[in-house]
Amino acid sequence: MNASKLLVFFWILLPKMVYLQTQTDNDNIARLLSASQKALFNDNEKAYRNAQAALILAQKSKDTANIIHAFRIMGVTKWQESKFDSAMYYYNQALKFAEIKKDVAGKAGIFLNIGALHLHRKYYQEAIPVFQDAGILYASINDSSGLSKVYNNLGFAYKKTNRLDSALQYYQKSLTIKIPLADSLGIASTKANLANLYFELYADIDKAISLNLEALAYFESVDNFWEVTASYITIGQYYVKQKQFEKAKLYLDRAVDISKQQHYNDKLRNAYSSLEAFYLLKSDYKKAWFYKTEATKLELLALEEERNKAFAELEVAFETDRIKQKNQILMQQKDLSEIKLKTRANIIMVLTGAIAVVLLLLLILFVKSRELKRSLKKLVDRNLEIVDSQEEMRQLSETLSSHAREEIKYHSSALTDSLSKDILDRIITAFETEKVYRDADLSIIKFAETINTNKTYVSQIINEVYKMNFNSFINQKRINEALALLSNPDNKTYTIAYISTMVGFKSISVFNKAFKTETGVTPSFYLKTILEKNAFPSDLTETPDE
């Protein structure tokens, strides 16, 4: 009797236990997916780990909606790690379950993810049909918000494939939907895209300015300072094209202020480059040169930061792998001491793990070295541009020197204005025409005697006009000529040592140090890059900003 009552009790209790277990699983899935969503873009490893745990529970309870959600998050984490094939695998898995569940909104969202991934990889043509499929699905369920995103992405893809009329059509469709939804950020982005299109398609600067001003107001309303800065720069550039200099200066100065406040070095560099163009149009070469110099400093700083980041990542990866390898070896040693029969198998496992780590490190080193090489090649290209524009730079230098002649004042020196101008003319003639820097034994005393003056006056004038000391001035002239000689295919039989002697250096080591200080790369790397470019010519391409 007691046994029968106990059986009945468990029979009644069983459904409640199953319900409670299911409820616990659902709560855990929701908790894991929420944690995964929060970790996205900050801690990809944590986001992936939580999504994977949620997926296991969702598959166990056959919770299709959360299976789809988990796969999509896992796809995003792999995208962030640039593992695009893995990202596409997870998106396709999510799509398969969305089709099983007949989840139209889910399928449309996954298509939007896949299309965005294609855009990121610059597979613009492949992205178009994917977005079109997403649009059909969103239209079937009257999802205006989703449809506006599809149209904006289609506009971007069509612009990148040079179908500007279609791009304009889709941007306008997106804007028509976004305005009633009061999507301020979306409206601003689409208006900014439309502004660029009106300029490219119709050369309508007034319309482009008007749309950018409207976009700016929306960006400011949501405190999106990055896009606010971009809008100020773009509007300033359009006003420069119209030669409305006062308005252009107003917007470009505002862009500089915000960039400095928010530490947007990329935007600050763009603003400086725009101000350089602004002052060139106004024939104010001194200020144009100043902003060109500031923009170049920021560009070099960005390259240096990129290189340092690459080395830091490599160091962290190496240290992590080292610790992992050490832990593996310790565990394997423990296993070897406990289970002697598995000695052979464990040794093989250790060797396999070590080889895998070495291969991974070699791969990381290879990738990082390629990135470093690309950065250095950018420096070479920059120096090539300087070589190609040496005549222009010489004229600009003469212009600046002419201004300097007018402005030189020495209140605490016996050097008069007229004498200083005369000595400056002698210095320019000696270096630009007679190329006295080729003399390896040239010193400031010897040079002063050559131009019939004294070393104090020479030093004082060079410091005042060129903002550097005499030795730096000589080295700059020597390196500029060395760049020209190395870049000239007619000199391919010359060695680096011979060129260093030609331009006035006594030793190759001093030349190498001065060359790297002035250009950022070594002479051998510069020459190698020049030879590669001559051997494998390529078309120049331009990537417009969005």
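Residues numbered from 1 in each chain as written. Predicted model: local features only at pLDDT ≥ 70, side-chain atom pairs only at ≥ 80, totals over all residues. Heavy atoms only, no water.

*Asks:* So what's going on with the overall build of the protein chain? Residues and values would help.
*Replies:* When helices and strands are counted, the protein chain shows 23 helices and 0 strands. Here the protein chain displays about 31,800 Å² of accessible surface, and carbon together with sulfur accounts for 55% of that area. (Helix = DSSP H or I, 4+ residues; strand = E, 2+ residues; numbered from the N terminus. Areas by Shrake-Rupley, 256 points an atom, 1.4 Å probe, with all protein chains shown as cover.)

*Asks:* Account for a nonpolar patch on the surface, naming residues and giving values.
*Replies:* Together, Leu351, Ile355 and Leu359 line one region of the surface with nonpolar side chains, adding up to about 310 Å² of accessible area. Within the secondary structure, Ile355 sits in helix α15 (residues 343–388). (Patch = residues over 30% accessible without salt bridge, like charges linked within 9 Å, V, L, I, M, F, W, Y side chains within 5 Å. Salt bridge = Lys/Arg side-chain N within 4 Å of Asp/Glu carboxyl O.)

*Asks:* Report on the packing of helix α9 (residues 184–202) against helix α10 (residues 205–221), specifying residues and quantitative values.
*Replies:* Interhelical geometry of α9 versus α10 gives an angle of 165° and a closest axis separation of 8 Å. Judged by the inter-axis angle, α9 sits roughly antiparallel to α10. For the pair α9 and α10, the sense of crossing is left-handed. On α10, the residues that touch Ser184, Leu185, Ile187, Ala188, Ser189, Lys191, Ala192, Leu194, Ala195, Tyr198 and Phe199 of α9 are Ile205, Lys207, Ala208, Leu211, Asn212, Glu214, Ala215, Tyr218, Phe219 and Ser221. When the residues that make up the contact of α9 with α10 are grouped by side-chain class, the tally is 14 nonpolar, 4 polar and 3 charged. (Axes fitted to C-alpha atoms, helices over the stretch in contact; angles between N-to-C directions. Parallel < 35°, antiparallel > 145°, perpendicular 65-115°, else oblique. Left-handed = near helix turned anticlockwise from the far one by under 90°. Contact = heavy atoms within 4.5 Å. Nonpolar A, V, L, I, M, F, W, Y, C, P; charged D, E, K, R; others polar.)

*Asks:* I'd like to hear about the nonpolar core, residue by residue, with values.
*Replies:* By size, the foremost hydrophobic cluster in this structure holds 94 residues, and its most contacted members are Phe71, Ile110, Val150, Leu154 and Tyr272. By residue number, the principal contributor to this core is helix α4 (residues 84–101), which donates 9 residues. Among residues more than four places away in sequence, those in contact with Val150 are Leu112, Phe131, Ala134, Gly135 and Tyr138. In terms of nonpolar packing, the next biggest core, distinct from the first, is built from 23 residues, Ile427, Ala430, Tyr457 and Phe470 among them. (Core = buried A, V, L, I, M, F, W, Y, C linked by side-chain atoms within 4.5 Å. Buried < 20%, exposed > 50% of the residue type's maximum accessible area, 1.4 Å probe, protein only.)

*Asks:* So what about unusual backbone geometry? Which residues, and what values?
*Replies:* For Lys102, which is not glycine, the phi torsion reads 55° and is therefore positive. A relative accessible area of 70% means that Lys102 is categorised as exposed. The phi angle at Lys435 is positive, at roughly 50°, despite the residue not being glycine. We classify Lys435 as partly exposed; its relative accessible area is 29%.

*Asks:* Residues and numbers for the pattern of salt bridges, please.
*Replies:* Scanning the model with the defined rule gives 15 salt bridges in all. Salt bridges sharing common partners tie together Lys78, Glu81 and Lys83.

*Asks:* Break down the packing of aromatic side chains for me, citing the residues and quoting the values.
*Replies:* Overall, the coordinates contain 26 aromatic pairs when judged by the stated rule. Note on Phe447 and Phe470: the rings are 5.7 Å apart at their centroids and 40° apart in plane angle, and the pair reads as tilted. On the criterion of sequence distance, the pair formed by Phe447 in helix α18 (residues 444–450) and Phe470 in helix α20 (residues 470–487) is long-range, its members being 23 residues apart. Taken as a pair, Phe447 and Phe470 share a single burial class, namely buried. Taken together, the ring pairs in this structure connect Phe245, Tyr272, Phe278, Tyr279, Phe290 and Tyr291 into an aromatic cluster. For the cation-ring pair, Lys78 lies above Tyr48, with the distance from its terminal atom to the ring centre recorded as 4.3 Å. (Phe/Tyr/Trp six-rings, centres within 6.5 Å; stacked < 30°, edge-to-face > 60°. Lys NZ or Arg CZ within 6 Å of the ring centre and 35° of its normal.)

*Asks:* How would you explain helix α22 (residues 508–519) if you had to name every residue and give the values?
*Replies:* With 12 residues, α22 ought to run about 16 Å at 1.5 Å a step, and its terminal C-alpha atoms sit 16 Å apart, in line with that. Here α22 has its buried residues at Phe511, Ala514, Phe515 and Thr519. Along α22, the residues classed as buried sweep out an arc of 110° about the axis, all on the same side. Set apart from the buried face of α22 by more than 90 degrees, the exposed residues are Lys513 and Thr517. (Expected span 1.5 Å × (residues − 1). Arc of directions from axis to C-beta.)

*Asks:* How would you sum up the environment of Ser145? Please name residues and give values.
*Replies:* Tracing the chain through its elements places Ser145 in helix α7 (residues 144–160). For Ser145, a relative accessible area of 35% corresponds to the partly exposed category. Sequence-wise, Ser145 and Gly186 are 41 residues apart; in three dimensions their C-alpha atoms are separated by 9.9 Å.

*Asks:* Lay out the confidence of the model for the protein chain with the relevant residues and their values.
*Replies:* Per-residue pLDDT for the protein chain averages 83, and the proportion of residues at 70 or more is 80%. Of the regions scoring below 50 in pLDDT, residues 536–546 engages in 10 contacts with residues more than four places distant in sequence or in other chains. (pLDDT = per-residue confidence, 0-100.)

*Asks:* Quick one: what's the story with helix α17 (residues 417–433), residue by residue and with numbers?
*Replies:* Its 17 residues give α17 an end-to-end C-alpha distance of 24 Å, which sits within 8% of 24 Å, the value for a rise of 1.5 Å per residue. For α17, the full list of buried residues reads Ser420, Ile423, Leu424, Ile427, Ile428, Ala430 and Phe431. Along the long axis of α17, the arc covered by the buried residues comes to 165°, so they all point the same way. Turned more than 90 degrees from where α17 packs its buried face, Ser418 and Thr433 sit exposed. Looking one or two residues past α17, Lys435 carries a phi angle of roughly 50°, positive in sign.

*Asks:* Residues and numbers for the environment of Gly146, please.
*Replies:* Relative to the helices and strands, Gly146 resides in helix α7. Once the C-alpha coordinates of Gly146 and Ala134 are considered, the two residues, 12 residues apart in sequence, prove to be 8.5 Å apart.

*Asks:* Account for the environment of Lys286, naming residues and giving values.
*Replies:* Structurally, the position occupied by Lys286 is in helix α14 (residues 285–338). Lys286 sits 10 residues away from Glu276 along the chain, and the two C-alpha atoms are 9.8 Å apart.

*Asks:* Please provide a residue-by-residue account of the side chain of Thr529, values included.
*Replies:* Looking at the element boundaries, Thr529 is found in helix α23 (residues 523–535). A relative accessible area of 3% means that Thr529 is categorised as buried. Polar side-chain contacts of Thr529 include one of 2.8 Å to the backbone oxygen of Phe525. (Polar contact = N/O pair within 3.5 Å; in protein donor to acceptor, adjacent residues only side chain to side chain.)

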